[in-house]
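# What the coordinates show
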Amino acid sequence: AKGSLTVDICFYEADMDQAVRARRRVTQALREALDNERFELHYQVQASVQTGKATGYEVLLRWKDEDGRYVPPSDFIPVAEETGLILPIGEWVLRQACKQAAAWAESHKIAVNLSPIQLSHVDLPGLVQQILKETGLDASRLELEITETAMISDMERTTHVLRQLKALGVTIAMDDFGTGYSSLSTLRAFPFDKIKLDRSFMTELDGDEPQSQAIIRAVLTIGESLSIPVLAEGVETAEQLAFLRAQGCNEVQGYLLGRPQPEADALTNGAAQIAT
Ligand code: C2E
Ligand code: CA
Ligand code: CA
Ligand code: CA
């Protein structure tokens, strides 16, 4: 029995070693990607349900590895957050997105995702102000998407930062609404400009499930009572869109309207109208 314990520990240490080395490899690769501009921004259209017209674009980060393959954000954002690399990467995303949008012919909004780390570790309002000034983007065209996780770690400090950001004229959206443990109290803590209903509710809607329908209706009612527009994420089918329209949902985003695409493609398809 003693022998096998030693063996187990050896295996465990080998695993640890491997995990540490894998993390180091990703960290190194992320640093190189940042230095060699191997990050790209893709844009996904958001549209008004009423008019069917594009209202804005969500900015989604893409990493092209040495072999030209896109590494999904879920594979590298957690590592970037653990190592703190999310700070320079997030700054690059903000600056690049504002720079690109400032050059667009139409004054669509851009919605940029913020990591909780960015909210708690830098003078974010100062950085945003400086980037807006530098790029000439009108503050009203920038929306920052924040998940509940960012709120619960340090509610007081976070709401203070969010208020400073709002004072600059940017808007704040609550991302992935309905997936956390305290979505409702988060709504109470800060006057969000938009609620983004998580796409898991859309998936479940397909089964014609009365529960999902009821929950979506309830979220739309909350939005209406608080005068906060609701955007439904992950809309893939005409049936989903029809249901959302009938229930008074304000905006939609999802494969039905357009996938995340490189800037030029997103803009040409950006008139992506939905039948009204
Ligand atoms: P998210 O903010 O919830 O972004 C929406 C995700 O849903 C995107 O995945 C998008 O491609 C996907 N999506 C959009 N429409 C549909 C649809 O109709 N069906 C399905 N099945 N999926 C759809 P993506 O691009 O892989 O990004 C994943 C997550 O990575 C994002 O989730 C966000 O949390 C994070 N992320 C992406 N870019 C950034 C960034 O620049 N900074 C930070 N901090 N996080 C980012
Ligand atoms: Ca988002
Ligand atoms: Ca989301
Ligand atoms: Ca998400």
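Structural data are supplied above this passage.
All values reported here derive from a predicted model rather than from experimental measurement.

## Here's the deal with unusual backbone geometry
The residue glutamate 37 is not glycine, and still its phi comes out positive at about 50 degrees. With respect to the secondary-structure elements, glutamate 37 resides in the loop between helix H1 (2-35) and strand E1 (39-48). By relative accessible area, which is 63% here, glutamate 37 ends up exposed. Although it is not a glycine, serine 227 adopts a positive phi angle of roughly 55 degrees.

## Quick word on the coordination of the calcium ion (ligand 4)
Only Asp176 (OD) and Asp176 (OD) from the protein reach the calcium ion (ligand 4) as donors, at distances of 2.8 to 3.1 Å. Distance-wise, the calcium ion (ligand 3) is placed 3.9 Å from the calcium ion (ligand 4), both being coordinated by aspartate 176. Of note, aspartate 176 is situated in strand E6 (residues 171-177).

## Quick look at the site of ligand 1
Around ligand 1, 21 residues are found, and the nearest of them are Gln44, Arg62, Asn113, Glu236 and Tyr255. A distance of 3.3 Å separates an oxygen atom of ligand 1 from a polar side-chain atom of aspartate 176. Glutamate 236 is positioned such that a nitrogen or oxygen atom in its side chain is 2.5 Å from a nitrogen atom of ligand 1. Protein chains shield 80% of the accessible area of ligand 1, which is 810 Å² for the free molecule. Secondary structure elements with two or more residues in the shell around ligand 1: strand E2 (54-64), helix H2 (73-83) and E6. In terms of residue class, the shell around ligand 1 is made up of 9 nonpolar, 5 polar and 7 charged.

## Some words on helix H10 (residues 210-225)
Between its first and last C-alpha atoms H10 spans 22 Å; for 16 residues at 1.5 Å apiece the expected length is 22 Å, and the two agree. Within the span of H10, buried status applies to Ser212, Gln213, Ile216, Val219, Leu220 and Gly223. Looking down the long axis of H10, one finds its buried residues gathered within 130 degrees of arc, a one-sided arrangement. Relative to its buried face, H10 has exposed residues pointing more than 90 degrees away, namely Pro210, Gln211 and Ser225. Buried-residue contacts for H10 involve E6, strand E7 (194-197), helix H9 (200-205), strand E8 (230-232) and helix H11 (238-246). Residue serine 227 follows H10 closely and has a positive phi angle near 55 degrees.

## A short note on the pairing of E1
Counted residue by residue, E1 has 9 buried out of 10 residues, so it is predominantly covered. Sheet analysis places E1 next to E2, joined by 9 bridges and oriented antiparallel. From the neighbouring strand, valine 45 faces E2, where its bridge partner is tyrosine 57. What sits between E1 and E2 in their antiparallel hairpin is a turn of 5 residues, with glycine 52 showing a positive phi close to 75 degrees. Relative to strand E10 (residues 261-262), E1 runs antiparallel, the two being bridged by 2 bridges. Following the sheet pairing, tyrosine 43 is matched in E10 by glutamine 261. With 3 bridges connecting them, E1 and strand E9 (residues 251-253) associate as antiparallel partners. Within the sheet, the bridge partner assigned to glutamine 46 lies in E9 and is glutamine 253.

About the cut-offs
- Per chain, residues are indexed from 1 in the order of the written sequence.
- Written order determines the labels here, with chains lettered from A and ligands numbered from 1.
- With pLDDT at 70 or above as the cut-off, local features in this predicted model cover only qualifying residues; side-chain atom pairs require 80 or more to be listed or tallied, and sums for whole chains, interfaces and linings still use all residues.
- The basis for every side-chain value is the complete set of heavy atoms in the structure, and neither hydrogens nor water enter the calculation.
- A run of DSSP states H or I qualifies as a helix once it reaches four residues; a run of E qualifies as a strand once it reaches two. Both are numbered from the N-terminal end.
- Exposed residues in this analysis have more than 50% of their type's maximum accessible area, buried residues have under 20%, and partly exposed residues fall in between, with area computed by a 1.4 Å probe over protein chains only.
- Only nitrogen, oxygen and sulfur atoms within 2.8 Å of the metal, or 3.2 Å for Na, K and Ca, are treated as donors, and water is left out, so sites may look incomplete.
- Near is defined per residue: the residue qualifies when any heavy atom it owns lies within 4 Å of the molecule or strand.
- Here a polar contact means two N or O atoms within 3.5 Å. Within protein one must be a hydrogen donor candidate and the other an acceptor candidate, and residues neighboring in sequence count only if both atoms are side-chain atoms.
- Where accessible areas are quoted, they stem from the Shrake-Rupley method and a 1.4 Å probe; at the residue level, only the protein chains shown are allowed to cover.
- For this scheme, ten residues count as nonpolar: Ala, Val, Leu, Ile, Met, Phe, Trp, Tyr, Cys and Pro. Four count as charged, namely Asp, Glu, Lys and Arg, and the remainder, Gly too, count as polar.
- Here, expected helix span is obtained from the residue count minus one, scaled by 1.5 Å.
- The directions from the helix axis to the C-beta atoms form the arc being described.
- Residues are treated as being in contact if the distance between any of their heavy atoms lies within 4.5 Å.
- When DSSP locates at least two bridges between a pair of strands, those strands are taken to pair.

Note that every value here comes from positions in space, so none of it alone points to a role or purpose.
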